[in-house]
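# Examination of the molecular architecture
Here are the chains, one letter per residue:
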Amino acid sequence: DPIPSGWHNYNDALLAAEQKTFSPKLVQSGQIAFLPYTSGSTGRPKGVLLTHEGMLWGIRTAQKYWPCKPTDRTLVAGPLFHKNAMRVSIKPKLYAGASAVILPRFEPRVMLQALADYECTDTGGVPAMYRMMLAEEELLASLKFPKLQCLEMGSAVVGAELLNAVERAFGADVEEAYGLTEGGGPLRSPLDGRAVPRGSCGVPAPEVAVKMVGEDGIENVSHGEFWVKSPAVLAGYNNRPDLNKERLTDGWLHTGDIFRKDENGFYFFMGRIDDQFSCGGENIYPKEVELLLVQHPDIIDAVVMPITHDVKGLAPAALVTVRQGSSCTEDSIKAFTLEHGAAYAHPRRVFIIDVLPVGGTGKVDRPAAKKIIEDSIAADRA
């Protein structure tokens, strides 16, 4: 049939393209290669300028210390316009000639089926994703994962109970790591084979400099804001000179995340600086309360936010999701936290909902969670 006016013959175009010699342009030092956006789980997403040099350095060091094989096959359920899936899965696999299965979005049943059907060797995700997959008990019990070797988990609340449950269900090791769009993956499991304590993100990755800085601006060896320096650190935030001034110092990225380090050199994520609040003079990181809540046998996931309190000024409140058929109530959950945690940190209100609000990366959308809590409190008062 004749080609309609204005259309192009694909075969002719392909033949014409084959006759041309492709000459890639030389990459200039500092040239921007990628503009991903942060997840926006705690605020407005920010554009991150990443260079060719930094991205190539990240790919090469990953292959040097954690090599992929051409037979590897990763499963990606996170969006590719964020950095996590690209840094952890896509780029290392393509560099090694391995393959990737890409899902259009995360759905727990679809992800479980894909892991089994495509015989994937690895995947990654945030804790909320794994909790939702574990809740699909009947489907999970019917599937086999013969080649699955490693599951990476990070970015949010991770308790020892969740890590153990995931390893039992999938028959594969879980690696709890720490990475961020602006700074690559600075914390990983040690290369010397030491076991990583449950709840730890590991130790500094090779060829990456890290330090912790206290509120006084002085480096602290055991606790403080986590700073990172490596070729993977962003060149700057897109059209945000204010953030560049605030978060970049002589190549060091101020992550805004609080960590502590134990006597063996393992790092533990404590929470975001912006999330910390004072309850009657006691500083609270929501992560600490969230970790306590998810130890409850019926709670699948939890998010904690501060609410106004007549006596304390601010106090914790929680949104939780529970297992199907659970009989737990707000009062029983509060009693659990009082029994197992600090009294000042127990959530003064607990709301049980079907699904926590999440953003495109699978992380809990904290501003949305706060609004649900505030609206629920207002409805109770009406």
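What comes next is a walk through the structure. Everything numeric in this text was worked out from a predicted model, so none of it was measured. (Residues numbered from 1 in each chain as written. Predicted model: local features only at pLDDT ≥ 70, side-chain atom pairs only at ≥ 80, totals over all residues. Heavy atoms only, no water.)

## Observations concerning the overall build of the protein
- If you tally the helices and strands in the protein, you get 11 helices and 21 strands.
- For 382 residues, the compact-globule estimate of 2.2 N^0.38 gives 21 Å, and the C-alpha radius of gyration of the protein, at 23 Å, lies within 12% of that figure.
- Overall, the C-alpha framework of the protein stretches about 75 × 50 × 50 Å when taken along its three principal axes.
- Residues classed as buried in the protein amount to 47% of the 382 residues present.
- Excluding contacts between residues fewer than 6 apart, the proportion of contacts in the protein whose partners are at least 24 apart in sequence is 59%.
- If you sum the accessible surface of the protein, you get close to 19800 Å²; carbon and sulfur atoms cover 52% of it.
- Here the protein carries 40 positive and 47 negative side-chain charges, and the mean point of each set is 4 Å from the other. (Helix = DSSP H or I, 4+ residues; strand = E, 2+ residues; numbered from the N terminus. Rg over C-alpha atoms; globule rule 2.2 N^0.38 Å. Buried < 20%, exposed > 50% of the residue type's maximum accessible area, 1.4 Å probe, protein only. Contact = heavy atoms within 4.5 Å. Areas by Shrake-Rupley, 256 points an atom, 1.4 Å probe, with all protein chains shown as cover. Lys, Arg positive; Asp, Glu negative; His and termini not counted. Charge placed at Lys NZ, Arg CZ, Asp CG, Glu CD.)

## Re the packing of aromatic side chains
- Scanning the entire structure with this criterion turns up eight aromatic pairs.
- Taking 5.5 Å as the distance between ring centres and 90° as the angle between the ring planes, the aromatic pair formed by Tyr178 and Phe226 counts as edge-to-face. Of this pair, Tyr178 sits in strand β8 (residues 178-180) while Phe226 sits in strand β12 (residues 223-229), and the two are 48 residues apart along the sequence.
- Look at Phe226 and you get buried, because its relative accessible area is 0%.
- With a centroid separation of 5.5 Å and an interplanar angle of 55°, the aromatic rings of Phe259 and Phe269 are classed as tilted. Of this pair, Phe259 sits in strand β15 (residues 252-261) while Phe269 sits in strand β16 (residues 267-272), and the two are 10 residues apart along the sequence. With respect to burial, Phe259 and Phe269 carry one shared label: buried. (Phe/Tyr/Trp six-rings, centres within 6.5 Å; stacked < 30°, edge-to-face > 60°.)

## So, the environment of Gln113
- When you line up the elements, Gln113 lands in helix α4 (residues 108-117).
- Residues Gln113 and Leu143, spaced 30 residues apart in sequence, show a C-alpha to C-alpha distance of 7.5 Å.
- Not counting the four nearest positions on each side in its chain, Gln113 is found in contact with Leu139 and Leu143.

## Topic: the sheet that holds β8
- A sheet is described by the order of its strands in space; here three strands give the open sequence β8-β9-β10, paired in antiparallel fashion. Edge positions in the sheet fall to β8 and β10 (203-204), since each of these pairs with one other strand and no more. (Pairing = 2+ DSSP bridges.)

## Focus: the nonpolar core
- Core analysis: the largest hydrophobic core is formed by 31 residues, its most contacted members being Leu75, Met111, Leu112, Phe145, Leu151, Val166 and Phe170.
- Listed by contribution, the elements that provide at least two residues to this core are α4, α5 (127-134), α6 (137-142), β6 (150-153) and α7 (160-170).
- Ignoring any residue separated from it by four or fewer positions in sequence, one finds Val166 in contact with Tyr130, Leu134, Leu151, Met153, Gly171 and Val174.
- Formed by 28 residues, the second largest nonpolar core is a distinct cluster that contains Val48, Met86, Ile90 and Ala205. (Core = buried A, V, L, I, M, F, W, Y, C linked by side-chain atoms within 4.5 Å.)

## Digging into the side chain of Thr337
- Within the secondary structure layout, Thr337 lies in helix α10 (residues 330-340).
- Residue Thr337 is classed as buried on the basis of its relative accessible area, which comes to 0%.
- Not counting chain neighbours up to four residues away, the residues in contact with Thr337 comprise Leu292, Leu293, His346 and Pro347.

## A short note on the environment of Gln324
- Residue placement: Gln324 occurs in the loop between β20 (313-322) and α10.
- Residue classification places Gln324 among the exposed residues on the basis of a relative accessible area of 85%.
- Gln324 sits 137 residues away from Leu187 along the chain, and the two C-alpha atoms are 36 Å apart.

## Regarding unusual backbone geometry
- A positive phi angle, near 70°, is found at Glu207, a position not held by glycine.
- Within the secondary structure layout, Glu207 lies in the loop between β10 and β11 (209-213).
- Given a relative accessible area of 42%, Glu207 falls into the partly exposed group.
- Phi at Asp250 is positive, roughly 50°, even though this residue is not glycine.
- Looking at the element boundaries, Asp250 is found in the loop between β14 (248-249) and β15.
- Take Asp250: its relative accessible area is 68%, and that puts it in the exposed class.

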